[in-house]
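Examining the three-dimensional arrangement
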Amino acid sequence: MEQTAIYVISTVAAVALASFSSLNNRMREAIKPTLGIILLAALLAPLPDIIAAIGDMEVNLPSDELSQSVTEDAAEDAFCRGICSAIAEKFDLDADSLTVECIGFSFSEMRAELIRVELSGRAVLADRIGIEGYIEKAGLGNCEVVILIE
């Protein structure tokens, strides 16, 4: 690569020197196109090395399946967290005492076949049937509330 840089610089210097040393306009007009081609060739000379260097680089882009899977996992996680915070707000519960699990989550429909809500701590005293009705009425999926006694 260093040799190529020296080659390009020396060629450009020679072209510039030749164009400035021409004495009359006729000679200058005759030399300009030739010097332009030489200059263009000098500038394009390192191009194969650059292309080869780029060709040797490895680019690891995620596949469509992987990115779709990651998107669906993130959507499912956000869906569960949203349900958890909605239940906590609606029933005046601490979100830390709730666990929401979505089974059979459908990304396209933004609903799950079964939403399992686990209540622990003080949340075990919450209205279990009210929570189930709230989730099912919202059209998010069938709901099952489980009480965990620790």
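Residues numbered from 1 in each chain as written. Predicted model: local features only at pLDDT ≥ 70, side-chain atom pairs only at ≥ 80, totals over all residues. Heavy atoms only, no water.

1. Quick look at the pattern of salt bridges
Where we set the bar: Every case where a carboxyl oxygen of Asp or Glu lies within 4 Å of a side-chain nitrogen of Lys or Arg is listed as a salt bridge. For the purposes of this entry, the term helix denotes a DSSP run of H or I that reaches at least four residues, the term strand denotes a run of E that reaches at least two, and both are numbered from the N terminus. Each residue's exposure class comes from its accessible area (1.4 Å probe, protein chains only) as a fraction of the maximum for that residue type: buried when under 20%, exposed when over 50%, partly exposed otherwise.
Counting across every chain of the model gives four salt bridges. Across the pair Asp77 and Arg81 runs a salt bridge whose closest N-O atoms are separated by 3.1 Å. With Asp77 and Arg81 both in helix H4 (residues 64-90), this residue pair falls four residues apart, about one helical turn. For Arg81, a relative accessible area of 51% translates into the label exposed. Between Glu144 and Arg116 there is a salt bridge, with the nearest N and O atoms lying 3.9 Å from each other. Residue Glu144 is found in strand E3 (residues 142-147), and its partner Arg116 is found in strand E2 (residues 111-119); the two are separated by 28 residues along the sequence.

2. What to know about the pairing of E3
Note the threshold: Pairing between strands is defined by DSSP: at least two bridges between the two strands are required. Handedness of a crossover is defined as follows: with both strands directed away from the viewer, a clockwise route from the first strand across the helix to the second makes it right-handed.
Relative to E3, E2 runs parallel, the two sharing six bridges. Among the inter-strand pairings, Leu114 is bridged to a residue of E3, identified as Asn142. Note on the crossover from E2 through helix H5 (residues 128-137) to E3: the handedness is right-handed.

3. Re the state of the cysteines
For the record, the criterion: Disulfides are defined as pairs of cysteine sulfur atoms found within 2.5 Å of each other.
In total, this model carries zero disulfides according to the counting rule given. Take Cys84: it sits in no disulfide, and the sulfur closest to it among the cysteines is that of Cys80, at 9.1 Å. Given the relative accessible area of 12%, Cys84 is considered buried. The thiol sulfur of Cys143 is not disulfide-bonded, and the nearest other cysteine sulfur, from Cys102, lies at 9.6 Å.

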